[in-house]
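The residues making up each chain are set out below.
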Amino acid sequence: MAKSVYLAAMIATIAIILVGFFSVSVADDAKAKQFNSEINQFVLENELQSSFADFDVNNKEVYCTIVQQGIANLSKSASIFEAQLSTFKENSFNTTEFYSVKRNYLLTNMILFRSFLRAREYCDFNTKPVLFFYAEDKSCEEECGVIGAQLFDLKDCNSFRAFNFPYNWPTYEFIKILEVKYGVDKPGTLVIDGERIDSLQPKEVLAKKLGCV
């Protein structure tokens, strides 16, 4: 009798664990689908901005105003999405699902970076492009955390646009293009308008380099 009760309790416990696992898995799948849907919309809007360059532009001022506004909106959306993605990583049970979603986002972010550079060249934007290479694991947790906080605190000066990418992570091999182009060889590296900075800077010095002073 005691063995039967023990067995029944064990089976019930396993069943509860399996139900919990299934529920979490379904929730992760639903969240991943939502993220990918948002990424697809993000891609469409970004491609629209890029396609403007193919139109016959008779009024540069109007064209550049529209493109600049569009990129600003996409950049704001990207910042919000990054924060949501970070929360998804912390709460996600399925690591593979997270990396799949983040890979899609990072590909889109590279496209946005390309569009930003093209628009800046044509329209003479004063906004500086900034690349921040951080560590996907905790190997740069303290230094990268400080740099990320500095960029966040200074973002309201609107003199730069930061594009964040994990350094040397096998799941995101395409980022190697940027790492090689700008000579990045470690996480915690900033590239400000083409200038590589591979050591932590005082906030006042960084603000000056970003054009915030």
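Worth saying up front: this structure is predicted, and the values here are computed from it rather than measured.

Thresholds, definitions, all that
- Residues numbered from 1 in each chain as written.
- Predicted model: local features only at pLDDT ≥ 70, side-chain atom pairs only at ≥ 80, totals over all residues.
- Heavy atoms only, no water.
- Buried < 20%, exposed > 50% of the residue type's maximum accessible area, 1.4 Å probe, protein only.
- Helix = DSSP H or I, 4+ residues; strand = E, 2+ residues; numbered from the N terminus.
- Pairing = 2+ DSSP bridges.
- Axes fitted to C-alpha atoms, helices over the stretch in contact; angles between N-to-C directions.
- Contact = heavy atoms within 4.5 Å.
- pLDDT = per-residue confidence, 0-100.
- Salt bridge = Lys/Arg side-chain N within 4 Å of Asp/Glu carboxyl O.

Trainee: Looking at this structure, how should I read the pairing of strand β3 (residues 189–192)?
Mentor: Moving residue by residue along a regular strand, the side chains alternate between the two faces of the sheet. Side chains Thr189 and Val191 of β3 all project onto a buried face; the interleaved residues Leu190 and Ile192 project onto the opposite face, where all are buried too. As judged from the four bridges shared by strand β1 (residues 128–134) and β3, these two strands associate in the antiparallel manner. Note on β3: the bridge partner recorded for Phe133 is Thr189. Relative to strand β4 (residues 195–197), β3 runs antiparallel, the two being bridged by three bridges. Paired with Ile192 across the two strands is Glu195, which belongs to β4.

Trainee: Looking at this model, I keep getting lost on unusual backbone geometry. Mind explaining?
Mentor: Excluding glycine, a negative phi dihedral is what most residues carry, and trans is how most peptide bonds are arranged. You will see that Asn168, though not glycine, has its phi angle at about 50°, which is positive. Positionally, Asn168 belongs in the loop between β2 (160–166) and α5 (176–181). Judged by relative accessible area, Asn168 falls into the partly exposed class, the value being 46%. Positive phi values are uncommon outside glycine, yet Asp193 reaches one of about 50°. Note that Asp193 resides in the loop between β3 and β4. The class of Asp193 is partly exposed, set by a relative accessible area of 38%.

Trainee: Explain the sheet that holds β4 here, please?
Mentor: What holds strands together in a sheet is hydrogen bonding between their backbones, with the strands either parallel or antiparallel. Strand order across the open sheet formed by four strands is β2-β1-β3-β4, with mixed pairing between neighbours. A single partner strand is all that each edge strand has here, and the edge strands are β2 and β4. In this sheet, neighbouring strand axes are inclined to one another by 20° on average, regardless of whether the strands run parallel or antiparallel. Sheet contacts for helix α4 (residues 141–154): β1, β2 and β3; angle to β1, the most-contacted strand, approximately 155°.

Trainee: It is not clear to me how the confidence of the model for the chain should be interpreted in this structure. Could you clarify?
Mentor: In low-pLDDT segments, the atomic positions of the prediction should not be examined closely. Across the chain, the average pLDDT comes to 75, with 68% of residues at or above 70. Within the chain, no element has a lower average pLDDT than helix α1 (residues 2–51), which sits at 50, and none a higher one than β3, at 97. pLDDT under 50 marks residues 5–28. Its contacts with residues more than four places away, or in other chains, come to eight contacts.

Trainee: Would you mind showing me how to read the pattern of salt bridges here?
Mentor: A pair can form between side chains of opposite charge whenever their charged atoms are brought close. Scanning the entire structure with this criterion turns up seven salt bridges. Here Glu136 ties to Lys102 by a salt bridge, and the two come within 2.9 Å at their closest N and O atoms. On the criterion of sequence distance, the pair formed by Glu136 in the loop between β1 and α4 and Lys102 in helix α3 (residues 95–123) is long-range, its members being 34 residues apart. Accessibility expressed as a relative area gives 9% for Lys102, which makes it buried.

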